[in-house]
Amino acid sequence: MRVDVVTIFPEYLSPLSLSLIGKAQASGLLSVDVHDLRTWTSDVHRTVDDTPYGGGPGMVMRPEPWGLALDALATPSSRLVVPTPVGAPFTQRTAHSLADASHLIFACGRYEGIDQRVLDHASSRLPVTEVSLGDYVLFGGEVAVLVIMEAVVRLLPGVLGNADSLAEESHAAGLLEAPVYTKPPVWRDLAVPDILRSGDHGRIARWRRDESLRRTATRRPDMLSGPEAPELDKADRAV
Ligand SMILES: OB(O)c1ccc2cc[nH]c2c1
């Protein structure tokens, strides 16, 4: 997978070279290039923003630099991803969709946002996905790109040492995962559930499924009724 990130704060994206994402780059599974939007300005002040038409507070990102940046980076197989408070919720399903792409371009907005014509024009040339991380507002898109990149890159084949963990984790099957435990068997008078030390893998799997259903019903009942709701069998419905 090839990734290009366009931002006015390239240093914000330096964590992409750390840990698993850094290893994915080193192993050739991923290439990441971060670009300063000001590369595509031509005035002496390298201006990327201007006052909003219609008045109002703050500044808006000018379309010209963005247009030239996307002209330079987009290919027929590119997908443009734009973190924004007005985007669709970013979910595990979104992460899987983006993980199937061969080339992602991330546009990091700042100020009051990017001139709408940039997104409109881009939509005539490539798929544009506007995503929101949640019902809150950041200073810009850079931190959101770090989150999205972690969620996407860990899904790429070969990145996680044990791909089995992807199947059991929260949101993988539309449920929150069951609680996890390790040694010691008793810690501060708190014991690991006996079932997990029984060696009976069938009953352990049932216990984990039950705990997962209980946890989801308690903390995220919306997940049991929404579009991503999991298929429940007779044993599930007895929980
Ligand atoms: O909350 B966000 O994901 C986000 C994304 C982009 C911009 C641009 C200005 N504020 C922003 C907030």
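Residues numbered from 1 in each chain as written. Predicted model: local features only at pLDDT ≥ 70, side-chain atom pairs only at ≥ 80, totals over all residues. Heavy atoms only, no water.

So, a nonpolar patch on the surface
Put simply, the rule reads: Surface patches are defined over residues having more than 30% relative accessible area and no salt bridge, joining like charges when they lie within 9 Å and nonpolar side chains (Val, Leu, Ile, Met, Phe, Trp, Tyr) when within 5 Å. Areas reported as accessible are Shrake-Rupley estimates using a 1.4 Å probe. Residue values count occlusion only from the protein chains shown. When a carboxyl oxygen of Asp or Glu is within 4 Å of a side-chain nitrogen of Lys or Arg, the pair counts as a salt bridge. Per the convention used, a helix needs a DSSP run of H or I reaching at least four residues, while a strand needs a run of E reaching at least two, with both numbered from the N terminus.
A contiguous nonpolar surface patch, about 420 Å² in accessible area, is contributed by Tyr12, Tyr136, Leu138, Val143 and Val147. Looking at the secondary structure, you find valine 147 in helix 5 (residues 142-153).

A closer look at the nonpolar core
For the record, the criterion: To qualify as a nonpolar core, a set must consist of buried Ala, Val, Leu, Ile, Met, Phe, Trp, Tyr and Cys residues joined through side-chain atoms within 4.5 Å. Each residue's exposure class comes from its accessible area (1.4 Å probe, protein chains only) as a fraction of the maximum for that residue type: buried when under 20%, exposed when over 50%, partly exposed otherwise. When checking whether two residues touch, look at their non-hydrogen atoms; a contact exists if any pair is within 4.5 Å.
Ranked by internal contacts, the top residues of the largest apolar core, which has 28 residues, are Val3, Leu30, Leu104, Phe106, Met149, Val152 and Val153. Among the secondary structure elements, those contributing two or more residues to this core are strand 1 (2-7), helix 1 (19-26), helix 3 (92-99), strand 6 (103-107) and helix 5. Among the elements that make up this core, the one with the highest residue count is helix 5 (six residues). Each residue touching valine 152, except ones within four places of it in the same chain, is listed here: Met1, Ala95, Leu98, Ala99 and Leu104.

Thoughts on the site of the ligand
Keep this limit in mind: Proximity is defined per residue: if any heavy atom of the residue lies within 4 Å of a molecule or strand, that residue is considered near it. Whenever two N or O atoms come within 3.5 Å, that pair is a polar contact, provided that in protein one can donate a hydrogen and the other can accept it, and provided that, for residues adjacent in sequence, both atoms are side-chain atoms.
Lining the immediate environment of the ligand, one finds Pro83, Thr84, Pro85, Gly109, Arg110, Tyr111, Tyr136, Val137, Leu138, Phe139, Gly140 and Gly141. Between an oxygen atom of the ligand and a main-chain N or O atom of leucine 138, the distance comes to 2.9 Å. In the complex, the protein chains occlude 92% of the 310 Å² of accessible area that the ligand would expose alone.

Points about the pattern of salt bridges
By the definition in use, this model includes ten salt bridges. Across the salt bridge formed by glutamate 211 and arginine 214, the nearest N and O atoms sit 2.8 Å from each other. Of this pair, glutamate 211 and arginine 214 are both found in helix 7 (residues 201-219), three residues apart, which corresponds to roughly one turn of the helix. Among the ionic contacts, a cluster of salt bridges with common partners joins Arg206, Arg209, Asp210 and Asp236.

Considerations on the pairing of strand 6
Put simply, the rule reads: Two strands are said to pair when DSSP picks up at least two bridges between them. Viewed with both strands pointing away, a crossover whose connecting path from the first strand over the helix to the second turns clockwise is right-handed.
Of all five residues in strand 6, five are buried; the element is thus mostly enclosed. Side chains of strand 6 alternate between two faces, with His103, Ile105 and Ala107 and Leu104 and Phe106 buried alike. In terms of strand pairing, strand 1 meets strand 6 through five bridges, oriented parallel. Bridging across to strand 6, valine 6 finds its partner in alanine 107. Two strands pair when backbone bridges link them, and strand 5 (residues 78-89) and strand 6 are joined in this way by four bridges, in the parallel orientation. Paired with serine 78 across the strands is histidine 103, a residue of strand 6. In this view, the connection linking strand 5 to its parallel neighbour strand 6 by way of helix 3 has right-handed handedness.

Everything listed here is a matter of coordinates, which is why it stays silent on function.
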